[in-house]
Amino acid sequence: MKNVLVIGSTGQIGSELTMKLRKVYHQGTIVAGYIPGAEPKGELLESGPSEIVNVTSAHTIAEAVDKYDIDTIYNLAALLSATAERKPLMAWDIQMNGLLNILEIAREKHCAVFTPSSIGSFGPDTPRDNTPQDTIQRPTSMYGVTKVATELLSDYYYHKYGVDTRSVRFPGLISYTTLPGGGTTDYAVEIYYAAVKGETFICPIAEGTYMDMMYMPDALKAAVEIMEADPRYLHHRNSFNIASMSFDPEEVYEAIKKEIPGFKMKYQIDPVRQAIADSWPNRMDDTCARKEWGWNPSYNLKSMTRDMIKHLREKLGYSQESK
Ligand code: SER
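Residues numbered from 1 in each chain as written. Predicted model: local features only at pLDDT ≥ 70, side-chain atom pairs only at ≥ 80, totals over all residues. Heavy atoms only, no water.

Q: Sorry, what's going on with the pairing of strand β1 (residues 3-7) here?
A: As a general feature of sheets, a regular strand has side chains that alternate between the two faces. Within β1, 5 of the 5 residues are buried, which leaves the element mostly enclosed by the surrounding structure. Here β1 shows a buried face lined by Asn3, Leu5 and Ile7 and a second buried face lined by Val4 and Val6. For β1 and strand β2 (residues 29-34), the ladder comprises 5 bridges, and the chain directions are parallel. Its bridge partner lying in β2, Ile7 is registered against Gly33. With helix α1 (residues 14-24) bridging β1 and the parallel β2, this β-α-β connection has right-handed handedness. Taken together, the 4 bridges between β1 and strand β4 (residues 72-75) define a ladder with parallel strand orientation. Looking at β4, one finds that Val4 is bridged to Thr72. (Buried < 20%, exposed > 50% of the residue type's maximum accessible area, 1.4 Å probe, protein only. Helix = DSSP H or I, 4+ residues; strand = E, 2+ residues; numbered from the N terminus. Pairing = 2+ DSSP bridges. Right-handed = clockwise from strand over helix to strand, strands pointing away.)

Shown next as structure tokens:
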């Protein structure tokens, strides 16, 4: 039985991961941690308990852990890359001081901890193609600095104190449920909304800019499976490269046009996001994740595109015929 605290439960990942965990661990308690102003609603609110948990105030974490006898913490509180460039001190506070609070509580109360890392943990000196699991990590964004530090601090707590920390380096995540916000890979979600609404998409990332991307069901699967993995086979912990697809704006545009032929896209490059994207890998090598815990994604660009369009049409109330 698992009692899990999801911190950041109403965000892009949290809103779907909390629901998935409630299905997987239905005999346990899955607590939706949120901050005021980002309250859970609907199914997320009604399907289990929720508590105010702010990573920057340790007592709110400790109280939730005690109250629900939590054994696993999913720490999803973070500012994404473009927002972190605008608010670097706040990003540091949430990502680093928040993590330290969580790790200290986990050490004391014997919790396992998952804190995602990202393609953003790499930088311009990293090999861009088939980026190895263990390689140069010298990111140039504040987001990346906090992600590398997250990996190191999480491994430190494992080696020094035996805290069961594990994580994955997420690619840009694509879903139809909760929008991301302030990320460099957000365009790959927004393009689907524009296509389904019949709008011309203004792309902030240049043609030829390749980044790893992943459909949310695969990302959720990874988040569950890494925490379930047999520790005897884990040579790495923080964090594993995971990959399923890599594309540039033209490739996702062409994939959408196969489903919605009239769709149009124009470019208007955002220099902040473009500089970040240029410093990230084109495609990660995820061999270690496949070998050490059986990582195996289900979606590629074609199957994701079909599923995204189908669900967005339902969500936004557009009929199949709207081309
Ligand atoms: N999706 C994130 C971002 O763009 C990368 O992990 O910031």
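Q: Mind showing me how you'd approach the site of the ligand here?
A: The local shell around the ligand consists of Leu80, Ser81, Ser118, Tyr143, Gly183, Thr184, Thr185 and Trp280. The side chain of Ser118 places a nitrogen or oxygen atom 2.7 Å from an oxygen atom of the ligand. Contact between the ligand and Tyr143: an oxygen atom at 3.0 Å from a side-chain N or O atom of the residue. Considering the ligand on its own, with 240 Å² of exposed area, one finds that the protein chains cover 94% of that surface. Per-class residue counts for the shell around the ligand are 3 nonpolar, 5 polar and no charged. (Near = heavy atom within 4 Å. Polar contact = N/O pair within 3.5 Å; in protein donor to acceptor, adjacent residues only side chain to side chain. Areas by Shrake-Rupley, 256 points an atom, 1.4 Å probe, with all protein chains shown as cover. Nonpolar A, V, L, I, M, F, W, Y, C, P; charged D, E, K, R; others polar.)

Q: Whenever I open this one, the packing of aromatic side chains confuses me. Can you help?
A: Each aromatic ring pair is summarised here by two numbers: the centre-to-centre distance and the angle between the ring planes. Tallied over the full model, the rule gives 9 aromatic pairs. Here the aromatic rings of Tyr74 and Phe114 are separated by 5.2 Å at their centres, their planes lie at 45°, and the arrangement is tilted. Here Tyr74 is found in strand β4, whereas its partner Phe114 is found in strand β5 (residues 112-114), with 40 residues between them in sequence. With a relative accessible area of 0%, Phe114 lands in the buried category. (Phe/Tyr/Trp six-rings, centres within 6.5 Å; stacked < 30°, edge-to-face > 60°.)

Q: So what exactly am I meant to see when it comes to the environment of Asp248 here?
A: The residue Asp248 is located in the loop between β14 (245-247) and α9 (249-259) in this model. With residues near it in sequence (within four places) discarded, Asp248 still touches Tyr187, Glu207, Gly208, Thr209 and Tyr210. (Contact = heavy atoms within 4.5 Å.)

Q: Would you mind going over the nonpolar core with me for this structure?
A: For soluble globular proteins, nonpolar side chains are generally found buried alongside one another. Ile174, Tyr187, Tyr192 and Phe247 are the most contacted members of the largest nonpolar core, which totals 65 residues. The element best represented in this core is helix α7 (residues 187-197), accounting for 9 residues. Those residues within four positions of Tyr187 in sequence are excluded, and the remaining contacts are Phe201, Cys203, Pro204, Ile205, Met211, Met213, Phe247, Asp248, Pro249 and Val252. By size, the runner-up hydrophobic cluster in this structure holds 30 residues, among which are Val4, Val168, Met216 and Ala223. (Core = buried A, V, L, I, M, F, W, Y, C linked by side-chain atoms within 4.5 Å.)

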